[in-house]
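# What the coordinates show
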Amino acid sequence: MKKNSSLFVLLMLVMLSCQKTGDRSTAGHEFNGSYTGEYLSHVAFPLGGIGAGMICLEGTGALSHVSVRNQPDVDNEPFIFAALMVKGTENKARVLEGPVPMRKIFGVPGAGGGLGWKTYGLPRFENCTFTTRFPSASVELQDKDIPLAVTLKGWSPFLPGDPDNSSLPVAALEYTFTNNGNKDVEAVFSFNSVHFMKIYNPEVTGMDEIADFPGGFILQQHGAPEKPHTEGSFAIFVRDYEPVVDHCWFRGGWWDPITLCWKNVEKGVLKDTPPQKGSAPGASLYVPFTVAAGESKTIPLLFAWYVPKSDLKAGQTTAPPEVCCGDETPETTYAPWYSLKFANIREVANYWNTQYDFLKQQSELFSQTFYSSTLPPEVMEAVAANLSIIKSPTVLRQRDGRLWCWEGCNDNHGCCHGSCTHVWNYAQAIPTLFPALERSLRNTEFSASQDTSGHQTFRSTLPIAPATHTFYAAADGQLGGIMKMYREWRISGNTQWLKDIWPRVQASMDYCISTWDPRHKGVVEEPHHNTYDIEFWGPDGMCTSFYLGALTAFIEMAQEMESPVEPYQELLKKGIRFMEDSLYNGEYFIQLIRSKGLEAEDPVAASQQSIRMNYSPEALEIMQKEGPKYQYGNGCLSDGVLGLWIARMCGLDEIVDPRLVKNHLKSVYRYNLRDDLSDHSNTQRPGYALGKDGGLLLCSWPRGDEPTLPLVYSNEVWTGIEYQVASHLMMEGMVDEALHIVQACRKRYDGRYRNPFNEYECGHWYARAMSSFGLIQGLTGLRYDALSKTMYID
């Protein structure tokens, strides 16, 4: 494994212990423990590489969410299954899965038609247990009629500090069969797959095949010249065994192919069919084996995929992307990183096969070290579960290696484009685990996404190219980026990198001052767009905390760059004084709503550029009494000192009086946390938390002065907000309160109604949930500064 300062931090971090307090479990699932029974219902664990797509291993052992074509495909559960046939007087065959979750039987796409071309009607194992130890997950299967116990382990490479090997479009399933009886058992393992890479499209119909590959087969879809994004391949093969391969299921109508496929499985027929010309419905591989009494055998099944083109693009550009990596012309649509590394599916599969042992050993080293920690189990679960976001289609890695990300994933396409700066502010996992990839986000923000005036668009284009600047900059996103520049500099120890980009950092800081603090008061006062998709009018604790954090980081960097710092130091002093004296109400930090005396005095005119900010006659009447729509005023905002938390995450010291910050966090815990939301009214988006769920509300008004139309989303429970508040509470010594919040969140994701490995908000696998990684720093204070070569521990 590469020696890397960030990895060293992680390995040290997780060895530390922390006092364990509070309730450790839901009624039927212990935090960081196994899932059984009804708690398996929604479990789906992503396997794949960073920006490479994924396939999910479900709690029962099924495979679903097959999303390998550079976009999410959440409902894609093709007819694919592994099976075991045990030879004897009564041959017994079982799909290598537990019982079908009841949720799949009705209320899902295709249910009204009887769920044809699903495996649900095939016999399965009676008992099933799912356990995860990221980046792997295991399914244990038992059945009274099967004389072998089965363990299925799914994993994909995850090597912190090595982004390339962690970005491979591959996954593996290792099936281990254990004979606890007193006589040998003969059996046949098989893996069976419909040709799910086939595209039913007039331009490419008939341009598919199932090709040969050592140990298995390749599902191949050839792309038409005018539709290059339709090309795609998926290899399925075993190691250590020479299987018999049926490259072409019976070709016929209705359910002929899968009917005869299953007959072969249950009879133990080793059907050997060479590749056929033209289209084939599906393919199977068969591995006959014997397990002696008291012994075990493992059959490793490997997946690899290759979809080198897409029709994906997002955002508006002012110029085409730069020519990349020896290409003669720039990419006009997204192409994944691996398409430059490998020429075709065979190269990917061969690399995966030859490097398998090394990649497994290194991934297991990370997992074993991480889980040797004695941090509280709810914290371990929250951190590990949300690392799966890195393996989801939320994250893309374009051909030149740079990250580009959605906020989350809709069912069939990404949600909210452009590595959105104000959402990705919260995410703490990648800067520690893959710092080079995180730096690529800063490079994009301060180059392609920033103009000469210093204005940053908070949504970068795909492919990455100079962006248009026709909408507001996001105050929290742009100011947070300055703090993260400081973080990346300290994590990498690379002062030359900072020096190269410094003029643009300075332009960004000066833009923020001239746009939101033109009177140099030290506060963000002019209307400022933010993560709630609206503009705050007047100074507020949340965005002013970002401003103070950015000024602090900027001054530290400017001193290293030998740039003038006095004007910025004066702004910082004024801002701290204003935040402590004017934005603190004795309990928590608030907003002073203002629309008069600003350079932007007319909310109605300003609303023309805003999102859904229309002023009807009714809204105008409210505005005359209360000011602009969607403010929080005297509300207790869970994000009310978010900028100060990010500053601490970035390695900056306390900026505002810690006593006041601690009181604010106490108030958030006191007023915003609900253990039961049954009596809570939410007319916005209730699906994130409702009924008997617990959760941390975005905002409350303890003094009864909620605006008629408060900031949008205020009644919701947002994924990721809970973790940033909890880790900040930890930093201020309030560990019990912090763990209470984490427990409330993870109880919602116990597998019964929600997937434990998919914390969602505006889409699945929502990036903000990676704030959970900050819980480690919150509990231990541990971080490494590569510039000063110093380990910090609290």
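So, a few notes on the structure that sits alongside this text. Since the structure is predicted, the reported quantities are computational estimates derived from the model, not experimental observations.

## What to know about the overall build of the chain
Each helix and strand counted, the chain has 20 helices and 29 strands in total. In terms of overall size, the chain behaves like a compact globule, its C-alpha atoms giving a radius of gyration of 27 Å where 794 residues would be expected to give roughly 28 Å. Principal axes of the C-alpha set define a box for the chain whose edges measure 85 × 60 × 60 Å. The buried share of the chain, taken over its 794 residues, is 62%. Across the chain, the fraction of contacts at a sequence separation of at least 24, relative to all contacts at a separation of at least 6, is 73%. Within the structure as shown, the chain displays about 28400 Å² of accessible surface, and the carbon and sulfur contribution to it stands at 49%.

## A word on the sheet that holds strand β3 (residues 54–58)
In sheet architecture, strand pairing relies on hydrogen bonds along the backbone and comes in two forms, parallel and antiparallel. The three strands are arranged β2-β3-β4 in an open sheet whose pairing can be described as antiparallel. Taken across any chain shown, the strands that pair with only one partner, and hence form the sheet edges, are β2 (44–47) and β4 (63–67). Taken pair by pair, the neighbouring strands of this sheet meet at an average axis angle of 25°, ignoring direction. Where β2 and β3 come together, four bridges link them in antiparallel fashion. Looking at β3, one finds that Phe45 is bridged to Leu57.

## Looking at the packing of helix α5 (residues 356–371) against helix α6 (residues 377–387)
At a minimum axis distance of 12 Å, the contact between α5 and α6 shows a crossing angle of 160°. In terms of orientation, α5 and α6 fall into the roughly antiparallel class. Along its contact with α5, which presents Phe366, Phe370 and Tyr371, the element α6 presents Met380, Val383, Ala384 and Leu387. Classifying every residue of the contact of α5 with α6 by side-chain character gives seven nonpolar, no polar and no charged.

## Considering unusual backbone geometry
A cis geometry characterises the amide bond from Phe134 onward to Pro135, with omega recorded as 10°. On the secondary structure map, Pro135 appears in the loop between β7 (127–133) and β8 (136–142). Backbone geometry places Asn32, a non-glycine residue, at a positive phi of 65°. Locating Asn32 in the fold gives a position in the loop between α1 (5–13) and β1 (35–36).

## What to know about the nonpolar core
Looking at soluble globular proteins, one finds that nonpolar side chains tend to be buried together. Counting residues in each nonpolar core, the largest one holds 235 residues, and the members touching the most others are Leu84, Phe177, Phe189, Phe191, Phe303 and Met509. Top contributing element to this core by residue count: helix α12 (residues 541–561), with 13 residues. For Phe189, the contacting residues outside a window of four places in its chain are Ala82, Ala83, Leu96, Tyr175, Phe177, Leu285, Tyr286, Val287, Phe289 and Ile299. With nine residues, the next largest nonpolar core counts Ala314, Tyr334, Ala448 and Ile464 among its residues.

## Observations concerning the environment of Ala304
Residue placement: Ala304 occurs in strand β17 (residues 296–306). Distance in space between the C-alpha atoms of Ala304 and Ile218 is 9.2 Å, their sequence separation being 86 residues. Residue contacts for Ala304: discarding those within four places in its chain leaves Pro169, Val170, Ser233, Phe234, Ala235, Ile345, Val348, Ala349 and Trp352.

Procedures and definitions
Residues numbered from 1 in each chain as written. Predicted model: local features only at pLDDT ≥ 70, side-chain atom pairs only at ≥ 80, totals over all residues. Heavy atoms only, no water. Helix = DSSP H or I, 4+ residues; strand = E, 2+ residues; numbered from the N terminus. Rg over C-alpha atoms; globule rule 2.2 N^0.38 Å. Buried < 20%, exposed > 50% of the residue type's maximum accessible area, 1.4 Å probe, protein only. Contact = heavy atoms within 4.5 Å. Areas by Shrake-Rupley, 256 points an atom, 1.4 Å probe, with all protein chains shown as cover. Pairing = 2+ DSSP bridges. Axes fitted to C-alpha atoms, helices over the stretch in contact; angles between N-to-C directions. Parallel < 35°, antiparallel > 145°, perpendicular 65-115°, else oblique. Nonpolar A, V, L, I, M, F, W, Y, C, P; charged D, E, K, R; others polar. Core = buried A, V, L, I, M, F, W, Y, C linked by side-chain atoms within 4.5 Å.

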